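Notes for the structure review
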Amino acid sequence: MWGGGIAAAVLIGCLGRAEVPVESPVKAVAVPPVLKGRQGDVVSVTVMLPSPGAAPVGRLADHLIPFFPLDETGRFGALVGIDLDAPVGKRRLAVEVGGAPVAELAVIVTKQQFPVQTLTVPDEMVHLDEPTLARVKREQAEVEIAMAPVSPQRWWHGAFIAPTEGKILGSFGRHRIINGEPRSTHSGEDISAPDGSPVVASNDGVVRLVADHYFSGKSIYLDHGDGLYSMYFHLSQIRVAASQQVHKGEVIGLVGSSGRATGPHLHWGVRLNGARVNPFELLQVTFP
């Protein structure tokens, strides 16, 4: 959600004047005309067409934003993610139907204040040896391939749910400085929970990848459709298989401390059309 949970509605209708030719393209009216969101936020967008038909398609920078029907009256919705490292400033969300532009919304990205963590650890935990580095690169490539497709079918419905019960550690977007060197930004949220606690699917989806990786340990990657993926790391057990369809609330694994972890917890991450967003934003998704 954006800032204070503001959802944007885009209402699309015919110009409705007699002098306008029938072949004129449908135009969109944005309400509000300017959207504001912080780094890591998610916004729900609704568009209304005069009648059911082809779904609109949005584009924000180099990211495609698929729309999907909300009902049979011509209402379409989409989720737009702002990456946690997105540049601050004005951007443009272009919406089109059948290749014809119908709306252009200004998107103002504001800065999010993320935590900073400074650690001192043994050097071998920071600078990987050649075999380990090669393994990490292979695993990163495997993940990118698994999450590259934008499935045309949307499996998720309604608001998402938290995948396990526990203390939310507020680690999303955390900047790490290890042995004085800036490291990668933490792109998920950590939930502290006892070892063996059940981990459930946050919404309906298809398992795209199960793995045991160097950093994330036993991991599950779910495809929810329309470019929305969720990730579950550091599991002690995995209870699903690749290509399996799962439902919201279904147990898919158990909390653990596999991979690079100092204790039992769940790393829950979400990637939305390529943007790394706070997964807890999805718990309040609604469409006007």
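Residues numbered from 1 in each chain as written. Predicted model: local features only at pLDDT ≥ 70, side-chain atom pairs only at ≥ 80, totals over all residues. Heavy atoms only, no water.

1. A look at the overall build of the protein
Within the protein, the regular secondary structure consists of one helix and 23 strands. Each of the 288 residues in the protein was classed as buried or not, and the buried ones make up 45%. Sequence separation of 24 or more characterises 69% of the internal contacts of the protein that already satisfy a separation of 6 or more. On the protein, roughly 13,800 Å² of surface is accessible, and the fraction owed to carbon and sulfur atoms is 56%. (Helix = DSSP H or I, 4+ residues; strand = E, 2+ residues; numbered from the N terminus. Buried < 20%, exposed > 50% of the residue type's maximum accessible area, 1.4 Å probe, protein only. Contact = heavy atoms within 4.5 Å. Areas by Shrake-Rupley, 256 points an atom, 1.4 Å probe, with all protein chains shown as cover.)

2. Here's the deal with the pairing of strand β3 (residues 34–38)
Only one face of β3 is covered, namely the one carrying L35 and G37; the face carrying V34, K36 and R38 has none of its residues buried. Where β3 lies against strand β10 (residues 100–110), five bridges are found, and the strand directions are parallel. Bridge assignment links K36 to a residue of β10, and that residue is I108. (Pairing = 2+ DSSP bridges.)

3. Things to note about the sheet that holds β3
Whenever strands of a sheet pair, they do so through backbone hydrogen bonds, lying parallel or antiparallel. Spatially, β3-β10-β9-β5-β6 is the arrangement adopted by the five strands of the open sheet, whose pairing is mixed. Each having just a single partner strand, β3 and β6 (63–66) make up the two edges of the open sheet. The average undirected angle you get between the axes of adjacent strands in this sheet is 30°. (Axes fitted to C-alpha atoms, helices over the stretch in contact; angles between N-to-C directions.)

4. Looking at the sheet that holds strand β11 (residues 116–119)
An order of β11-β13-β14 is seen for the three strands of this open sheet, with the pairing classed as mixed. The outermost strands of the open sheet, each flanked by one partner alone, are β11 and β14 (181–182). For β11 and strand β13 (residues 175–178), the ladder comprises four bridges, and the chain directions are parallel. The residue bridging V116 from the neighbouring strand is H175, located in β13.

5. Things to note about the packing of aromatic side chains
Any pair of aromatic rings gets described here by the distance separating the centres and the angle formed by the planes. Throughout the structure, instances matching the rule amount to six aromatic pairs. Centroid distance F68 to W156: 5.6 Å. Interplanar angle 85°. Geometry classified as edge-to-face. Placement of F68 in strand β7 (residues 68–69) and of W156 in the loop between α1 (130–146) and β12 (167–168) is noted, with a sequence separation of 88 residues between them. When the ring of F114 is compared with that of F172, the centres are 5.8 Å apart and the planes differ by 80°; the resulting orientation is edge-to-face. Residue F114 is found in the loop between β10 and β11, and its partner F172 is found in the loop between β12 and β13; the two are separated by 58 residues along the sequence. (Phe/Tyr/Trp six-rings, centres within 6.5 Å; stacked < 30°, edge-to-face > 60°.)

6. Observations concerning the pattern of salt bridges
Enumeration over the complete set of coordinates arrives at nine salt bridges. One salt bridge in this structure joins E104 and R92, with 3.2 Å as the shortest N-O distance. With a gap of twelve residues between them, E104 in strand β10 and R92 in strand β9 (residues 89–97) connect regions that are remote in the sequence. In this structure R92 comes out as partly exposed when scored by relative accessible area, which is 46%. A salt bridge links D212 to K218, with the shortest nitrogen-to-oxygen separation between them at 3.9 Å. A relative accessible area of 28% means that K218 is categorised as partly exposed. Each of D83, D85 and R276 takes part in a single network of salt bridges with overlapping partners. (Salt bridge = Lys/Arg side-chain N within 4 Å of Asp/Glu carboxyl O.)

7. Remarks on α1
Given a rise of 1.5 Å per residue, 17 residues ought to cover 24 Å, and the 25 Å separating the end C-alpha atoms of α1 matches this to within 8%. For α1, the complete set of buried residues consists of T132, V136, E139, V143 and A146. Seen along its axis, α1 keeps its buried residues to an arc of 90°; they face one direction. Those residues of α1 that are exposed and angled more than 90 degrees off the buried face are E130, P131, K137, R138 and I145. Buried-residue contacts for α1 involve β17 (205–213), β18 (217–225) and β19 (228–238). (Expected span 1.5 Å × (residues − 1). Arc of directions from axis to C-beta.)

8. Things to note about unusual backbone geometry
Positioned with a positive phi, A61 is a non-glycine residue whose angle comes to about 55°. For A61, a relative accessible area of 48% translates into the label partly exposed. Here D226, not a glycine, exhibits a phi torsion of approximately 55°, which is positive. One can find D226 in the loop between β18 and β19.

Worth remembering: the numbers are spatial, not functional.
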